[in-house]
Each structure stands twice: as C-alpha cells, then as structure tokens.
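Residue strings, one per chain:
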Amino acid sequence: MVRPLMGILGGTFDPVHVGHLQLARAAIQSLNLDVLRCIPAGQPPHRHQPEATAAARLAMVHLAFDGEPRCVVDDAEIRQTGFSWTIRTLERLRTTAPESALVLIVGADALLGLPGWHRWQELLDFAHIAVANRPGTSLQPAAMPAALAALWQAHQTPDVSTLRQSPAGRIVSFTIAPCPVSATAIRQRVARGEPVTGQVSAAVENYIHSHHLYSLAAH
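Residues numbered from 1 in each chain as written. Predicted model: local features only at pLDDT ≥ 70, side-chain atom pairs only at ≥ 80, totals over all residues. Heavy atoms only, no water.

Novice: I'd like to hear about the overall build of the chain, residue by residue, with values.
Specialist: A count of helices and strands for the chain gives 9 helices and 6 strands. Here the C-alpha atoms of the chain give a radius of gyration of 17 Å, agreeing with the 17 Å that 2.2 N^0.38 yields for 219 residues. Principal axes of the C-alpha set define a box for the chain whose edges measure 50 × 35 × 30 Å. Put simply, the chain has 219 residues, and 49% of those count as buried. Taking contacts inside the chain between residues at least 6 apart in sequence as the whole, the part at least 24 apart equals 76%. Accessible surface for the chain amounts to roughly 10,300 Å². Of this, 54% is attributable to carbon and sulfur atoms. Side chains of the chain give 17 positive and 16 negative charges; the mean places of these two sets differ by 1 Å. (Helix = DSSP H or I, 4+ residues; strand = E, 2+ residues; numbered from the N terminus. Rg over C-alpha atoms; globule rule 2.2 N^0.38 Å. Buried < 20%, exposed > 50% of the residue type's maximum accessible area, 1.4 Å probe, protein only. Contact = heavy atoms within 4.5 Å. Areas by Shrake-Rupley, 256 points an atom, 1.4 Å probe, with all protein chains shown as cover. Lys, Arg positive; Asp, Glu negative; His and termini not counted. Charge placed at Lys NZ, Arg CZ, Asp CG, Glu CD.)

Novice: Describe the environment of Val16, with residues and values.
Specialist: Along the chain, the position of Val16 falls in the loop between β1 (5-11) and α1 (18-31). Classification of Val16 by relative accessible area gives buried; the value is 1%. Through-space distance from the C-alpha of Val16 to that of Pro158 is 30 Å; in sequence the pair is 142 residues apart. Ignoring anything within four residues of it in the chain, the contact list for Val16 reads Met60, Val61, Ala64, Phe65, Val200 and Val204.

Novice: Account for the sheet that holds strand β4 (residues 101-107), with residues named and values stated.
Specialist: In space, the 6 strands of this open sheet follow the order β3-β2-β1-β4-β5-β6, with parallel pairing throughout. Where the open sheet ends on each side, the last strands, each with one partner, are β3 (71-73) and β6 (171-175). Strand-to-strand, the axes of this sheet are offset by a mean angle of 30 degrees, without reference to chain direction. Bridge count between β1 and strand β2 (residues 35-40): 6 bridges; the pairing is parallel. Bridge pairing in β2 links Gly7 to Leu36. Across the sheet, helix α4 (residues 86-96) lies against β1, β2 and β4, angled at about 155 degrees from β4, the strand it touches most. (Pairing = 2+ DSSP bridges. Axes fitted to C-alpha atoms, helices over the stretch in contact; angles between N-to-C directions.)

Novice: Describe the pairing of β1, with residues and values.
Specialist: Of all 7 residues in β1, 5 are buried, a share of seventy percent or more. Sheet analysis places β1 next to β4, joined by 4 bridges and oriented parallel. For Leu5, the partnering residue across the bridge sits in β4 and is Ala101. Traced from β1 through α1 to β2, the parallel crossover comes out right-handed. (Right-handed = clockwise from strand over helix to strand, strands pointing away.)

Novice: Please set out unusual backbone geometry residue by residue, giving values where relevant.
Specialist: The bulk of non-glycine residues show a negative phi, and the bulk of peptide bonds are trans. In this structure, the amide linkage connecting Asp14 to the following residue, Pro15, adopts the cis form with an omega of 5 degrees. Located in the positive-phi region is Arg119, a residue other than glycine, with phi close to 55 degrees. Assignment of secondary structure puts Arg119 in the loop between α5 (108-112) and α6 (123-126). A positive phi angle is found at His212, which is not glycine, with a value near 55 degrees. Mapping His212 onto the fold places it in the segment after α9 (202-210). Of the residues examined, His212 reaches a relative accessible area of 52% and is grouped as exposed.

Novice: Can you explain the side chain of Arg57? Please cite residues and give values.
Specialist: Here Arg57 shows up in helix α2 (residues 54-65). In this structure, Arg57 is buried with no salt-bridge partner, the nearest side chain bearing the opposite charge being Asp14 at 4.9 Å. Among all residues touching Arg57, those that are not within four sequence positions of it are Thr12, Phe13, Asp14, Pro40, Ala41, Gly42, Pro50, Ala52 and Ile78. (Salt bridge = Lys/Arg side-chain N within 4 Å of Asp/Glu carboxyl O.)

Novice: Give me the packing of aromatic side chains: which residues, what numbers.
Specialist: Evaluated as defined, the whole model comprises 1 aromatic pair. For the ring pair Phe83 and Trp85, a centre distance of 5.3 Å and an interplane angle of 65 degrees mean the geometry is edge-to-face. (Phe/Tyr/Trp six-rings, centres within 6.5 Å; stacked < 30°, edge-to-face > 60°.)

In structure tokens:
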C-alpha cells in the first residue's frame, strides 16, 4: 500500500524564523511530503516557557507559513491543556489520519536528546522519524546514547521512498544547508532595538514590532 505522507514539524516558534521555513521546504522536497503540519507547542515540557504568548506564537506561524505550498498550521497543542508531549500529538494524528504515513521531523540535536522525551521508545509505533542533518553533524551510532544507537541501527534506512510503504517505524535522514539564525538571537536583537530583517519574514517582523514582542519595554 502506498500511503499519503504527512510530515510533522513542531516547536515553540518563539519566534518562527527563516530557519524554520528553510527546514520545512527541505523536508517537503527531500521526503516528497504530501502535507507538512506545522504545530506550535502550547506548554513545551523540555525547555523554559516561551516569552511570547501561545496566541502570539500561533499568529506568527500562520503569517510565516501562509502561502507555503503543502504547509498547514495545526493549533491543537495550543488549544489543549497540559504539556505538549510529542507522543500525544502522534496519537491524535494517527487517529485522525489512519491511512497516512506520519513523519516526525527533528533536528540532529533533538535526535540525540530523544531519550529524554516522554515515552520516546513508542514514537516509532506511531510515526517515522526524519532527521534534518546539517553538514558537519555526525549521525554515527557511536556518538549516540546506547539505547538511541540501538534504535537507530534497528530502524534506520537510507531509502526515503520506503516511508510510504508503512504507517510508522523507519528512521531516515536528509541534509539541510547551514542556517545561522536562532530564535534566541532574534529575541535578543529585538530587545536591543536592532533590526531582524531577513531573519524572520516581513509579516512576522511587522507582527513582532506592532505587538511589542520581546522588547524590554514589554517586560
């Protein structure tokens, strides 16, 4: 059975920036995704709470991905109560899209931290995992925690075309170009009154300024 291929790109998006757009486009092209669901986290469990409100982050994600082919914004994690566990989102999407193959998009750094995720060893029961690998980053099992290395060796495949053949269970990687932009640096630049043109979309930059996000005066 050849299944529709649904990518899942989550994050705090505080704020969403050009690196997120670059990652989305690379995932769609490299994996031949039919759709990519961009899902802002409501209450991220693994990091400090976002500076911008959930409503503001959701609005910026809508602005950033408006007009991006095959991208849709999913606000379920924003609307739900409790922590935004990835496994919870995968369970929901498996129920609502039972015929689709799900592909969780993660960066290489996030992959290495996977053993700290809630119910992490169940992720492949619900989705494939696609690792966005920037040049110079090692994805060798020897560099991974033992449990993650075992998972990698059992499920990794170099053939992304196999993702459509099953609903979940495979790990693939794809290469993306280096991107120096970070949300932390953007927030710091805004707080100092410096421009962030070219680091976020024009619509997102306008939203940040018009809503006084990340500025010292807002705190």
